[in-house]
Structure formats: C-alpha cells, structure tokens
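# Observations on the three-dimensional arrangement
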Amino acid sequence: MMRFSTLVKHPADWMTGGQGEHGAVLTSRIRLARNLHRHPFPGWAKRDQRAAALDLMRPAIEALPAMKGGFSQELGDLSSVQKQVLVERHLISREHAARGDGSAAVIERRQTFSLMLNEEDHLRMQAIRPGLQLSAAFAALSELDTTLENSLQFAFDPTLGYLTTCPTNLGTGLRASAMLHLPGLVLSDQIGQVLQAVNKIGLAVRGLYGEGTESLGNLYQISNQSTLGESEETIIRRLERVISQVANHEQNAREKLLEDDPEMVADKIGRAYGVLRYSHIIDSKEALNHLSLLRLGGSLGFFSPETVMLCDSLLMDIQPAHLQLHSGQKLSPEERDSIRAEILRSRLLSLESPDSGILSKEEKNL
Amino acid sequence: MKCDFCDQKATVFLTQLVEGQMKKVCLCEACAKERGVTDPTGFSLADVLLGGLPGGAGSITMSSSAVAPGNGKKCDTCGFTLDDLRRVRRFGCSDCYATFSEEVNQMIRGMHKGVSHVGKVPEGLMALQFRNQRIEELRSRLEQAISSESYEEAAGIRDEIRNLDEVKG
Ligand SMILES: [Zn+2]
Ligand SMILES: [Zn+2]
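Reading the values: the criteria
- Residues numbered from 1 in each chain as written.
- Chains lettered and ligands numbered in written order.
- Predicted model: local features only at pLDDT ≥ 70, side-chain atom pairs only at ≥ 80, totals over all residues.
- Heavy atoms only, no water.
- Helix = DSSP H or I, 4+ residues; strand = E, 2+ residues; numbered from the N terminus.
- Buried < 20%, exposed > 50% of the residue type's maximum accessible area, 1.4 Å probe, protein only.
- Areas by Shrake-Rupley, 256 points an atom, 1.4 Å probe, with all protein chains shown as cover.
- Polar contact = N/O pair within 3.5 Å; in protein donor to acceptor, adjacent residues only side chain to side chain.
- Core = buried A, V, L, I, M, F, W, Y, C linked by side-chain atoms within 4.5 Å.
- Contact = heavy atoms within 4.5 Å.
- Expected span 1.5 Å × (residues − 1).
- Phe/Tyr/Trp six-rings, centres within 6.5 Å; stacked < 30°, edge-to-face > 60°.
- Lys NZ or Arg CZ within 6 Å of the ring centre and 35° of its normal.
- Pairing = 2+ DSSP bridges.
- Axes fitted to C-alpha atoms, helices over the stretch in contact; angles between N-to-C directions.
- Parallel < 35°, antiparallel > 145°, perpendicular 65-115°, else oblique.
- Donors = N, O, S within 2.8 Å, 3.2 Å for Na, K, Ca; no water.
- Tetrahedral: all angles 85-135°; square planar, octahedral: opposite > 155°, others 65-115°.
- Buried area = accessible area lost by both parts, 1.4 Å probe.
- Salt bridge = Lys/Arg side-chain N within 4 Å of Asp/Glu carboxyl O.
- Left-handed = near helix turned anticlockwise from the far one by under 90°.
- Nonpolar A, V, L, I, M, F, W, Y, C, P; charged D, E, K, R; others polar.

Once that is clear, we can look at the overall build of chain B. Helix and strand counts for chain B stand at eight helices and two strands. Helices and strands in chain B line up, N terminus first, as β-β-α-α-α-α-α-α-α-α. Split into buried and exposed, the 169 residues of chain B put 38% on the buried side. Summed over its atoms, the accessible surface of chain B is roughly 9,900 Å², and 51% of this surface lies on carbon and sulfur atoms.

Turning to the environment of Ser150(B), a few remarks are in order. Residue placement: Ser150(B) occurs in the loop between helix H7 (124-147) and helix H8 (151-168). Within the structure, Ser150(B) has its side chain in polar contact with the side chain of Ser148(B) (distance 2.9 Å).

Residues and elements named next belong to chain A. Counting residues in hydrophobic clusters, the biggest one holds 53 residues, and the most contacted among them are Ile61, Leu115 and Leu148. The element best represented in this core is helix H8 (residues 232-260), accounting for eight residues. The residues contacting Leu115, other than those within four sequence positions of it, are Ile61, Met67, Ala104, Ala105, Val106, Leu123, Arg124, Met125, Leu144 and Leu148. Judged by nonpolar contacts, the second largest core, of 35 residues, contains Met179, Ile269, Ile318 and Ile339.

On to helix H10 (residues 284-300) of chain A. Side chains three or four residues apart in an α-helix point the same way, a direct result of the helix having 3.6 residues per turn. Residue and element names in this part refer to chain A. Between the first and last C-alpha of H10 there are 24 Å, a value that for 17 residues agrees with the 24 Å anticipated at 1.5 Å per step. Here H10 lies mainly inside the structure; twelve of its 17 residues are buried. When H10 is considered as a whole, its buried residues turn out to be Ala287, Leu288, His290, Leu291, Ser292, Leu293, Leu294, Arg295, Leu296, Gly297, Gly298 and Leu300. Count one or two residues on from H10 and you reach Gly301, which has phi positive near 95°.

Turning to the packing of aromatic side chains, a few remarks are in order. On inspection of all chains with the given rule, the structure shows six aromatic pairs over all chains. Relative to Phe71(A), the ring of Phe4(A) lies with its centre 6.1 Å away and its plane at 65°, an arrangement referred to as edge-to-face. With Phe4(A) in helix H1 (residues 4-9) and Phe71(A) in strand E2 (residues 71-74), this pair connects stretches of sequence that are 67 residues apart. In this pair, the class of Phe4(A) matches that of Phe71(A), namely buried. Within the aromatic cluster, the residues linked to one another by ring pairs are Trp44(A), Phe80(B) and Phe100(B). A cation sits over an aromatic face here: Arg34(A) above Tyr162(A), 3.4 Å from the ring centre.

Attention shifts here to the pairing of strand E10 (residues 219-224) of chain A. All names here are of chain A. When you tally the buried positions in E10, you get six out of six residues, the bulk of the element. Across five bridges, strand E8 (residues 174-181) lies against E10 in antiparallel orientation. In the strand pairing of E10, Ala178 is matched with Ile222. Relative to E10, strand E9 (residues 203-207) runs antiparallel, the two being bridged by five bridges. Residue pairing across strands places Leu203 opposite Asn224, the latter belonging to E10.

Our next topic: the packing of helix H12 (residues 320-327) of chain A against helix H13 (residues 333-347) of chain A. All names here are of chain A. Taken N-terminus to C-terminus, the directions of H12 and H13 make an angle of 80°; their axes are 10 Å apart at the nearest point. For the element pair H12 / H13, the angle class is roughly perpendicular. When H12 is examined against H13, the residues Pro320, Leu323, Gln324, His326 and Ser327 are found in contact with a partner set consisting of Arg336, Ile339, Arg340 and Ile343.

Looking at the zinc ion (ligand 2), one finds its protein donor set to be Cys75(B) (SG), Cys78(B) (SG), Cys93(B) (SG) and Cys96(B) (SG), positioned 2.3 to 2.4 Å from the metal centre. Its four donor atoms give the zinc ion (ligand 2) angles of 98 to 122° at the centre, a pattern that matches the tetrahedral case.

Attention now moves to the interface of chain A and chain B. Counting residues at the interface gives 52 residues for chain A and 44 residues for chain B. For the chain A and chain B pair, buried surface summed over both sides reaches about 4,000 Å², with 59% attributable to carbon and sulfur atoms. Three residues, Trp44(A), Gln153(A) and Pro167(A), lead the burial of chain A against chain B; their summed loss comes to 16% of the area buried on that side. One can count three salt bridges joining chain A with chain B.

Right, let's get into unusual backbone geometry. Residue and element names in this part refer to chain A. Of note, the phi angle at Gln111 is positive, near 65°, even though the residue is not glycine. Following the sequence through the fold, Gln111 ends up in the loop between strand E3 (104-107) and strand E4 (113-117). Of note, the phi angle at Asn118 is positive, near 60°, even though the residue is not glycine. With respect to the helices, strands and loops of the structure, Asn118 is situated in the loop between E4 and strand E5 (123-130).

All names here are of chain A. In terms of burial, E4 is a largely internal element, five of the five residues being buried. Burial along E4 is two-sided: Phe113, Leu115 and Leu117 and Ser114 and Met116, pointing in opposite directions, are all buried. Bridge analysis of E3 against E4 gives four bridges, and the strand direction is antiparallel. When the bridges of E4 are listed, Ala105 appears paired with Met116. Hairpin connection between E3 and E4: a loop of five residues separates the two successive antiparallel strands, and Gln111 in this loop has a positive phi of roughly 65°. Here E4 folds back onto E5, and the loop between the two strands holds five residues, one of which, Asn118, carries a positive phi near 60°.

Residue and element names in this part refer to chain A. Closest axis-to-axis distance for the helix H11 (residues 306-317)/H13 pair is 11 Å, and the angle between their directions is 165°. Taken as axis vectors, H11 and H13 run roughly antiparallel relative to one another. Every pair of crossing elements has a handedness; the one defined by H11 and H13 is right-handed. Each of Leu310, Ser313, Leu314 and Asp317 in H11 lies in contact with H13, whose residues at this interface are Ile343, Leu344 and Arg347. Among the residues making up the contact of H11 with H13, the classes are represented as four nonpolar, one polar and two charged.

Shown next, in the form of structure tokens:
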C-alpha cells in the first residue's frame, strides 16, 4: 500500500484543473453515506463492535480494483499533522480527523476517490473531479458503490432508502457539492443576492474558509440539503443547472467590472501581485484574499492562463498543516506566516507583472 | 443573555455560517451538554439549529419530546432507547429505523423533498440475501450432519459454506 508521503507528494489532478467554465467552478464533489446492515452505527458502537465493522469493510474496500496501490491507514496510526493535511485536501472530514483507532481512511492513489471508514456513518465515500463534473463524479462513485455491494451488505429500506446515522442523510445518502470562486460577484456586491436565490431553492451555500458572511478567498460551496424523495439524477441535475447559472453570473459580473471600472480591477490585481511577490510575513487570510485576486487576474488575461492552476495549488499549499509538512517541524503562527510568504515568493518568482494591455484595449473602446 | 432553549443564563455561545447566513446560538450549561455542543467531535451547529431552535425545523418535536418521559422503547439489535434518540437525534443502528418508526416519521417530515426513497436500490441486495439464506441453511444442515456423525457429508457442506463465504469477500 502507498505511503503517506507518496500520496501527498503531488497535487491531485482535480486540485489544479478548474479552468473550464471561466474558472469559476474549481471542483465537484460527490459523497455517498452507507452503513452495514444490523451493525451498530459508529457513534453508538462499542469499541469491539466498531473494530468488527472496520475489519469487515477494510479488506473489501482495499480489494476494489480502483484502490489498487492506494493509501490505507487507520487514523490512530497517522500524526495530527498528517490528518490535518488530509483535511486541507478535502480527502477526509474535520470530524473524521478527530478520530483514532477503529476508524480508517482509504484513498485512491490519484486522490480522486477517498473513503472514510467509521466516520459518522460506517462508510462515507467521496469522488472529486475538477470543474463542473458532478454527473461524471457520481457515475464513477456509484460504480464503486455497486461493486462494494457484492461484498458488503448495506443497510437499506425500500421506503427510506439507505439508512444513515442521522436522518438528514436518509434515502440517497448523497451530498453533491461544488466549490466556486466568485470574486466578480463579491466585488460588484451581487453575491448576497445570488446566494440568497440559491438558498431559496433548497440548496445550501457556505463560505469555504473562515466564519461570517464574507468568505475568505471568495470561495463558496454549493450543495444539496435534501437527500430523500428525489433520485440522485434529479438532485444532481438541479445542482448542475444552478451552478452553471451562478458561473454565468460570475462571468457577466467580471465583464461588467472590466467595462465599468477597469482601473479598480487593475489596481486590486496589481496590489495582490505586489503583496504576494514581495511580502515576508503573510497570514493565511491575507494570502487567500490576494491569491483570489491573482486567480481572477489569470482568468481575465492579466497573467498567463496557467496562473489559475498555480493559484489553485497554492491555495492548498499555504494552509497550516501543509506548511508544517513542508518544513518537517511544528511551527508557531509567526513561523508559519514567514514560511507561507517564502513559499509564495518562490512559487511566483517567474510570474511576470500584470499585463495591463487589456486595459488599453478597454480605453480604446471609449 | 438568556439561553435560547430555556430561561437559564446562557454561558455557551456559538456562531457559524448555516445556509449562507450567520447564526448565533446561546445556550446554558445544561442545554449545551444535552445537545452535545460541548463535545468538539460532536454535532455541528447546523444540527443543533435544525434540531430544535425555537421556530426551527424540528422545534415542535423537540419541545414536546423534551418534557415527555421515554416510554421504554428500545432497539433489540443495538439497545438504543427512545431517550437516546431524543438526546442525540441520531440512531443506533439500521434496525432502529423500524423500532422507532413513529419517531422517524415525525422527524423526517419537512426535512427532505419527500418522505420516500426514489433513488438507487442496491443491485446486489437480492443476491446477497439469497446467499446469506443459503449459508444459514447449510449451517443447520452441517450441525445435523455432525450430530448424526455423518462426517463425510459434513466435510462436503463445510466446503460449500467456505466457497460461498469466499464469494462474499
Ligand atoms: Zn437552557
Ligand atoms: Zn438499533
């Protein structure tokens, strides 16, 4: 089986692939919750019962063709930094990282599938894809689920569907979500309106980092809330429709910003470039917000298009546990801020200053 | 400041982004403990909110169940009781859904777009049930064979069980 260091050595394809759809949709994620028939759910099971469930699931999952050469570890055998790195990569949940023996993570070697064993449910399976690809991600994960059904008997009721620890996941056990980068809507003050509209049709929206109504890095996650009473296809189709509408709004907002106030846009992007290229101490909030603007600059043509991908991998690499992993030691917050700045400077070293040619084009039109 | 769930003084304050909106919950020591919010690995604020903030989705069930004593209902498979359900608003095992079917129906009303499943059905379910049944059958035949000292037959049955178990993974 794969070692932890090998698993996280390279960014996954899905982490740097958010270029389609104007780069507004970074990733699509599908999660399915499943439980073993008549085994006590992990939160209620006694230690030996939890171990028994794990012993039943783990060999079946490791034997999946997709998991060949993958990563498989009991959480008690991982350090807290290692677990945190997996959280920062969205490969396991924060709740799962808090667990130890009796829970495990099995991750496909390219990090496109990750399975949490004995999380809140016996099994939380996840597939991640770059861009807006919920249907494709679901198809792949559902196939894996069907294969597992040959060796594991999942708790299922003809009326209630897949039975879960919490009734909020009943039925399909499906949580489909996408991560969106929406700086245009934020800068043009339309974000509240758009998010409210999304909320109104029963979808959940939340900022990806930090608390409060504004989201650090202008990153938002949209997901379904209802899991019972509709088929997986219906749920996913609605989400894909809404997400592409939001992505279109974002695109329109960006075009309008460039048209109405190109100087403001150029100023923000230029300042972000300056700070990220030359600062020596930067906290994650400041870094996320500037990376967001740099990413916007990449999609607007101020920088080469690859800049978008570079920003996406930096979003991952500047997080606290990734920094600790990178430096191989425990870091104080001050040390983190300076190593974060160092990484940003070195990775952005060859990034040329913003091309404001795009501005003169706009000015000519005036 | 008063607790959102009773009239005691609030000592636990939580804020979190739920459905795109900032939600703040104030709880007293006792209510915080009851809802498991003091346990960092426990439940998210969303669940606390959905579970019974006055005016929230599950408030009616919660407030009525908070005073009603448990009626002694208990899941035979896992030992989960009605009181446990009221405390954590989750279940102990898949059989709990049958044991507490009335409560389930109450809880899921308004929680989802519908109340019955229309999605994927496990393909292997039928086959697996059949195989498990077959193994059960073979096991009782094996016992019979052993007690009647027909060891040759017993060996054959044992092989068959082993084959079926292997398929199971
Ligand atoms: Zn109280
Ligand atoms: Zn039970």
